[in-house]
Amino acid sequence: MSQKKVKGSPSLQSIKSLPVDLRFVGSSGSNRMNLSDNVSGNVELSSDSAEGRSDIGLENDESPYYNLDMPAKNTPTRSIKRSNVDSKWSDTTPYTTKKKLQSWFQLPDGNWELATILQTSGNESLISLADEKVLKVNMESLVPSNPDILDGVDDLMQLSYLNEPSVLYNLQYRYNQDMIYTKAGPVLVAVNPFKKVSLYGDDYIDAYKCKSMASPHVYAITDAAMREMIRDEVNQSIIISGESGAGKTETAKIAMQYLAALGGGSGIEYEILKTNPILEAFGNAKTLRNDNSSRFGKLIEIHFSETGKISGASIQTFLLEKSRVVQSSGGERSYHIFYQLCAGAPPLLREKLNLRNADEFKYLSQSNCFTVSGVDDAEQFRVVTEALNIVHVAKESQDSVFAMLAAVLWLGNVSFTVIDSENHVEPVVDEGLVNVATLIECNIEELKLALSTRKMRVGNDTIVQKLTLPQAIDTRDALAKSIYSCLFDWLVERINKSLAVGKIRTGRSISILDIYGFESFERNSFEQFCINYANERLQQHFNRHLFKLEQEEYIQDGIDWTKVDFEDNQDCLNLFEKKPLGLQSLLDEESTFPNGTDLSFANKLKQHLNSNPCFRGERGKAFTVSHFAGEVTYDTTGFLEKNRDLLHLDSIQLLSSCTCALPQAFASTMLTQSEKPVVGALYKSGGANSQKLSVTTKFKGQLFQLMKRLENTTPHFIRCIKPNNTQSPGSYSQELVLQQLRCCGVLEVVRISRSGFPTRMTHQKFAKRYGFLLLDHVASQDPLSVSVAILHQFNILPEMYQVGYTKLFFRTGQIGVLEDTRNRTLHGILRLQSYFRGHQARCRLKEIKRGIVTLQSFFRGEKTRKEYSILLHRHRAAIHIQKRIKARICRNKFRRLNEASTAIQSVIRGWLVRRCSGDIGLLQFGERKGTEPEEVLVKSTFLAELQRRVLRAEATLREKEEENEILSQRLQQYENRWSEYELKMNSMEQVWQKQMRSLQSSLSIAKKSLAFESDYSQRNSDASVNENDDQESTSWETKPHEINGVRSSTSAGTGVIGRLAEEFEQRSQVFGDDAKFLVEVKSGQVEAGLDPDSELRRLKQMFEGNYREKDSLFSI
């Protein structure tokens, strides 16, 4: 690559840059530094570096198109080719060389090697190389190296000696430890690792969001863009640049993931992320340098609401490489979606589209490359269909999309046959042609005519011209490219509608630009011409923002500044854009000529542009352009045809006649793109109205719109570096990396950032923002005086800032001190205000509480008094009612007790009287008979005993009546039992009376019978008596008292009756004693461990049994 000559080399000693705060790292390794070895040893990393390599098991959502299995090659790393402009970076003096033990030395082959200085004498030094070779060299040829403590710093601004070998070594040191991100002032340098590294995921997102991690990262750049957008209310842009294969697409995806995490919540962020697999499938392809190369440019503009949440997005695409649809070089592939469709389509869809394997389609089999290492195309097809569902592409539309893709593949299989001697051809009606007609839903005859004929207008007449084989093939390929290009644009349009529906744009947005990188192949065609022109324009924007505008602003504001030279690519841009003798103008001019050819275009370029230092003509159809990234030789073969990009009217009419909706939409779009007809050769060749503008003209217009949009945003730059051309993890080609660093101007950026003033603020804004920090009142002073007073108050050194005409310029880190002080002061003010407002609120609350409590006390007192009055009235009423009820209860208890006592007394007295009356009757009956005087005496004694008992019982009852109140509770318990007992006694008395009467009547009858039958029964009297004795001894137990008075008129009858009476008297006495004892037990006079009720029932049963025995006896 020919370098542009620099007019003047800057004097590095004239730049008065102060040291910046460094984050040092220490090393316990040897003093020797050798680029050929992997940097290892006991290295103690700084906090930022350690955080950047935290062992968090998280995976990055990277594209699958990474060659993870490719073996790493041991690329030589010990030598670095010295550039012809390296004198700019040799920040060295004889003094520093003498004091330093190690320096970089340039070998005769141009490489750099780390050498150890053994001895210094005058202007010569004795050095030792890595192979222990000792050389005597001039000290001016040595470039100082940084101390070991600076190995692996995460910001190149921290390097004490900024030169190419030191920068290259620092990047390699970090790359070997998977620290792929390094800051170069305001620019982030990202080295593609060609593998997955544990630097991504939710934990890292949270860390950068909370600022607990400050190491260089895409997350940090994206977070800064987000914060500046919210703080300054200015749209932001993240411009990702680099060569093809440097990792731009993956970096853009990582930035989108961080934005989705910060501004997510509505669900739209998930749709935005899902656009990546769709666009990659339809717009990326495998090239020789990159397995997932973007063959189009895209700008994703993400819109945010006032609260910082994502509200929508829009995608703009640039220059899709349509030629890759019909042609691909060896080792490369067409677009991923073709291979994914062939490998992953379900059986039903395969049958519907009549799909075959990828190697059976001619468009895909040209390169003989069908797979990508480590990528499953079938799985990726499932991912794409899932993403289409998420962005709301209907199932019917998806089927139409896949049908268009299959139609493009089958178009490549359409063949032609010669039909006459003039080599005119027509399509062969085979499987390919039939499938194309079926898939796009057109008439097969119309398809044959569109591919083999061309209509031309001559005056008012239309002539049909038959096509030769090359013309027919071009027509077929043009139709295939147009269908795919329109399909791609239709998909982007549908995605934009999905992301923008119902979203309110606030004007705040962050744009992420992912555009093709600089390309240089063995054969470079029209596509590389356009791609490299776009990269030239982006480099100009980069230079303008970081170099031109920076230094121009310093000069315009009148600050003390030493200008830094940089590689400007304005001459190269003029070569492309200058009118009328620029590359693009000459290409458009030659494209309009009827007889223009690629060779005539190349000759015209050599004729008009040979004097331009950025242009060099080559033999034949080739020419060379000196780009900012190096020289590229272009082959003009196909330039004119690709620039015209003609799709003839016959093909457009064919698409409009299809019954499928998509081809009709494609035709409508192409017919309505232009309002004016085409002139020149395009018109004569039958081109459609949509081809008014050439490809370069349209692309140039899109690029200028893009640049205009980027100019209105605050840019953030990420430079992606490709470490090797083999996509091998761990391999580091120093020459390749150094070339990229030179091209992207990383060293110049660091120089300007170190020596410049990256932070600036107008006097008015500075005074308004920090004026309240002043101790003195300066409200009446002008903003400049206030600003100077602030600087003096905070003792900011004069070397760390400069005062311009309209702005204040600060070196790195100085504004942060003021911001920290301002934040602390505001925090203190807010805290004091919060305390005072809290005190006021608490005082007001206390007053309100007191009023409320007083008011509540009045209401509650009145309510309580009313309730107490009602309660007192109810209490008095309840007491009166209770008194009445209790009196009634007591009276009823007394009455029942009195009645019960009277009843008991009456029953006992009656029983005693009746018993005594029975004894008296027996006594009188005995006196009349004049027999048994001992028995009468016994009965009289028993009667006296009964009388005594009666008197004693009466005395006991009188005592019980006196103790009535004491026994009232016990009487109440036995109240029910006394009632039952009374009933039982009454019933028993009635039974006894009946039994007595019956017994008396039976005895009278027996007496009379014995009197009349005395003679007859005299002989059998003994036997009868014996029998009666046996019966009486076993069954009679309860005879009445009157049976003792029965006397037989005869001697035999008298004996039997006498024995019966005697037995009856005995049993009656036992029964009477038992009954009296039970009465005493029940009345409580005598204590016994038995149940009186059960004993009384037993006694009753005994009496009834004796009575039945008596009846049976007298019945005989």
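These remarks concern the structure in this document. From a predicted model like this one, the values you see are computed outputs, not experimental measurements. (Residues numbered from 1 in each chain as written. Predicted model: local features only at pLDDT ≥ 70, side-chain atom pairs only at ≥ 80, totals over all residues. Heavy atoms only, no water.)

**Brief notes about the nonpolar core**
Ranked by size, the top nonpolar core spans 117 residues in total, and within it Phe-282, Phe-338 and Leu-405 carry the most contacts. Those residues within four positions of Leu-405 in sequence are excluded, and the remaining contacts are Phe-282, Ile-337, Phe-338, Leu-341, Tyr-484 and Leu-487. Counting 48 residues, the second-largest nonpolar core is a separate cluster that includes Phe-529, Cys-530, Leu-546 and Leu-609. (Core = buried A, V, L, I, M, F, W, Y, C linked by side-chain atoms within 4.5 Å. Buried < 20%, exposed > 50% of the residue type's maximum accessible area, 1.4 Å probe, protein only. Contact = heavy atoms within 4.5 Å.)

**Focus on the layout of surface pockets**
Roughly 1,400 Å³ of volume is contained in the second largest pocket. Forming the walls of the second largest pocket are 47 residues, and the residues nearest its centre are Gln-327, Lys-481, Gly-638, Glu-641 and Lys-642. Listed by contribution, the elements that provide at least two residues to the lining of the second largest pocket are helix 8 (323–326), strand 17 (453–458), helix 16 (469–500), helix 17 (526–556), helix 21 (639–644) and helix 24 (681–684). Counting residues per element, the lining of the second largest pocket draws most heavily on helix 16, which supplies seven residues. Split by residue class, the lining of the second largest pocket holds ten nonpolar, 17 polar and 20 charged. (1 Å grid on protein atoms, 1.4 Å probe; cavity = no way out; pocket = protein on both sides within 12 Å on 5 of 7 lines; lining within 4 Å. Points joined across faces, edges and corners; volume = space filled by probe spheres on them. Helix = DSSP H or I, 4+ residues; strand = E, 2+ residues; numbered from the N terminus. Nonpolar A, V, L, I, M, F, W, Y, C, P; charged D, E, K, R; others polar.)

**Looking at the pattern of salt bridges**
The tally for this structure, following the rule as stated, stands at 29 salt bridges. In this structure, Lys-136 and Glu-124 form a salt bridge, with 3.3 Å as the shortest nitrogen-oxygen distance. In this pair, Lys-136 sits in strand 6 (residues 134–138) while Glu-124 sits in strand 5 (residues 124–128), placing the two residues twelve residues apart along the sequence. By relative accessible area, which is 38% here, Glu-124 ends up partly exposed. The residue Arg-523 makes a salt bridge to Asp-635 at a minimum N-O spacing of 3.5 Å. Of this pair, Arg-523 sits in the loop between strand 19 (508–514) and helix 17 while Asp-635 sits in strand 22 (residues 630–635), and the two are 112 residues apart along the sequence. A residue is classified by how much of its surface remains accessible, and Asp-635, at 22% relative accessible area, is partly exposed. A cluster of three or more residues bridged by salt bridges with shared partners is formed by Arg-295, Glu-321, Arg-324 and Glu-332. (Salt bridge = Lys/Arg side-chain N within 4 Å of Asp/Glu carboxyl O.)

**Considerations on the sheet that holds strand 6**
An order of 6-5-4-3-7 is seen for the five strands of this open sheet, with the pairing classed as antiparallel. Two strands lie at the open edges of the sheet, namely strand 6 and strand 7 (142–144), each paired on one side alone. Each strand axis lies, on average, 45° off the axis of its neighbour in the sheet, ignoring direction. With three bridges connecting them, strand 3 (residues 102–106) and strand 7 associate as antiparallel partners. (Pairing = 2+ DSSP bridges. Axes fitted to C-alpha atoms, helices over the stretch in contact; angles between N-to-C directions.)

**Concerning the pairing of strand 10 (residues 236–242)**
Extensive coverage of strand 10 is indicated by the burial of seven of its seven residues. By the alternation rule, side chains of strand 10 split into Gln-236, Ile-238, Ile-240 and Gly-242 and Ser-237, Ile-239 and Ser-241, which are all buried. Here strand 10 runs beside strand 19; their pairing, made up of five bridges, is parallel. Residue pairing for strand 19: Ile-238 is matched across the bridge by Ile-512. Pairing geometry for strand 10 and strand 23 (residues 714–721), over seven bridges, is parallel. The residue bridging Ser-237 from the neighbouring strand is Pro-715, located in strand 23.

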